[in-house]
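Now for the letters of each chain:
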Amino acid sequence: MKLSEVKQILSTLDNVEFQLENGSFVPEHFHVTEVGVVTKNFIDCGGVIRNEKAVNFQLWDANDFEHRLKPNKLLHIIQLSEDKLNIEDLEIEVEYQNDTIGKYDLEFNGKTFVLKNKTTACLAQDSCGIPAEKQKISLTQLTNDNATCCTPNSGCC
């Protein structure tokens, strides 16, 4: 989800809620402690130099049980960050502390923002020697031409 989409959605909400992919919710008294741009310059295992940029939101549960971040306040934080940091309309990455700091993609389900689990992947599979995934077929799709010529007591088996 891009920053422009988040801003548009926030303008329609009464409350801001974040939910993990497993269905549990970020406590409603969370704080957004950072909005910024994260740049990652790296080389993949195939030798290709890559550059990724994302807007980063950091959510924090401060046990400040009276705190409730309203959509207009989060919009103000985003607009201030855009002005001061020259933030572009990039994909959102959310950091949130569970057992360790997790990084999540962001989606909206019509009511809440959903923190989608990120996964790792090889970006250079053709250079890395990773075999292509085998096509899965049902055993009923397999035919054996020899099976049609073989009958019980024919001596072929």
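Above this note sits the structure.
So, here's what we can say about the structure.

1. Here we look at the environment of histidine 31
Position of histidine 31 relative to the elements: it lies in strand 2 (residues 31-43). C-alpha separation for the pair histidine 31 and glutamine 58, spaced 27 residues apart in sequence, amounts to 8.2 Å. If near-sequence neighbours (up to four positions away) are discounted, histidine 31 is found in contact with Gln58, Leu59, Trp60, Ala62, Asp64 and His67. A polar atom in the side chain of histidine 31 sits 3.2 Å from the side chain of aspartate 64.

2. Here's the deal with the nonpolar core
In this structure, Phe113 and Leu115 are the most contacted members of the largest nonpolar core, which totals 29 residues. Once you skip the residues sitting within four places of it in the chain, phenylalanine 113 turns out to touch Met1, Val6, Ile9, Leu10, Leu13, Val16, Glu17, Phe18, Gln19, Leu106, Glu107 and Phe108.

3. Quick look at the sheet that holds strand 3 (residues 49-60)
On the basis of which strands lie adjacent, the open sheet formed by six strands has the order 1-6-5-4-3-2 and mixed pairing. The open sheet has two free edges, formed respectively by strand 1 (18-20) and strand 2, since each of these has just one partner strand. Shown here is a sheet whose adjacent strand axes are inclined to one another by a mean of 40°, direction ignored. For strand 1 and strand 6 (residues 113-117), the ladder comprises three bridges, and the chain directions are parallel.

4. Regarding the environment of valine 37
Tracing the backbone shows valine 37 in strand 2. For the pair valine 37 and phenylalanine 57, spaced 20 residues apart in sequence, the C-alpha separation works out to 8.9 Å. Ignoring any residue separated from it by four or fewer positions in sequence, one finds valine 37 in contact with Lys53, Ala54, Ile87 and Leu90.

5. Considerations on the pattern of salt bridges
Applying the stated criterion to the full structure yields nine salt bridges. The partner of arginine 50 in a salt bridge is aspartate 44, with the nearest N and O atoms 2.7 Å apart. Relative accessible area serves as the criterion here: at 27%, arginine 50 is assigned to the partly exposed category. Given a relative accessible area of 9%, aspartate 44 falls into the buried group. Between lysine 116 and glutamate 107 there is a salt bridge whose closest N-O contact spans 3.9 Å. The class for lysine 116 is partly exposed, based on a relative accessible area of 22%.

6. Focus: the packing of aromatic side chains
With the rule as written, the count across this model stands at three aromatic pairs. Counting every residue linked through ring pairs, the aromatic cluster contains Phe18, Phe30, Phe108 and Phe113. Across the ring face of phenylalanine 42, the terminal group of lysine 40 is positioned such that the distance to the ring centre comes to 4.7 Å.

7. Some thoughts on helix 2 (residues 71-85)
Taking 1.5 Å per residue, 15 residues should reach 21 Å; helix 2 reaches 21 Å between its end C-alpha atoms and fits that length. Three or more residues of helix 2 are buried, namely Pro71, Leu74, Leu75, Ile78, Ser81 and Glu82. An end-on view of helix 2 places all buried positions within 125° of arc, on one side of the element. In helix 2, the exposed residues that point more than 90 degrees away from the buried face are Asn72, Asp83 and Lys84.

Reading guide: rules and limits
- Residues numbered from 1 in each chain as written.
- Predicted model: local features only at pLDDT ≥ 70, side-chain atom pairs only at ≥ 80, totals over all residues.
- Heavy atoms only, no water.
- Helix = DSSP H or I, 4+ residues; strand = E, 2+ residues; numbered from the N terminus.
- Contact = heavy atoms within 4.5 Å.
- Polar contact = N/O pair within 3.5 Å; in protein donor to acceptor, adjacent residues only side chain to side chain.
- Core = buried A, V, L, I, M, F, W, Y, C linked by side-chain atoms within 4.5 Å.
- Buried < 20%, exposed > 50% of the residue type's maximum accessible area, 1.4 Å probe, protein only.
- Pairing = 2+ DSSP bridges.
- Axes fitted to C-alpha atoms, helices over the stretch in contact; angles between N-to-C directions.
- Salt bridge = Lys/Arg side-chain N within 4 Å of Asp/Glu carboxyl O.
- Phe/Tyr/Trp six-rings, centres within 6.5 Å; stacked < 30°, edge-to-face > 60°.
- Lys NZ or Arg CZ within 6 Å of the ring centre and 35° of its normal.
- Expected span 1.5 Å × (residues − 1).
- Arc of directions from axis to C-beta.

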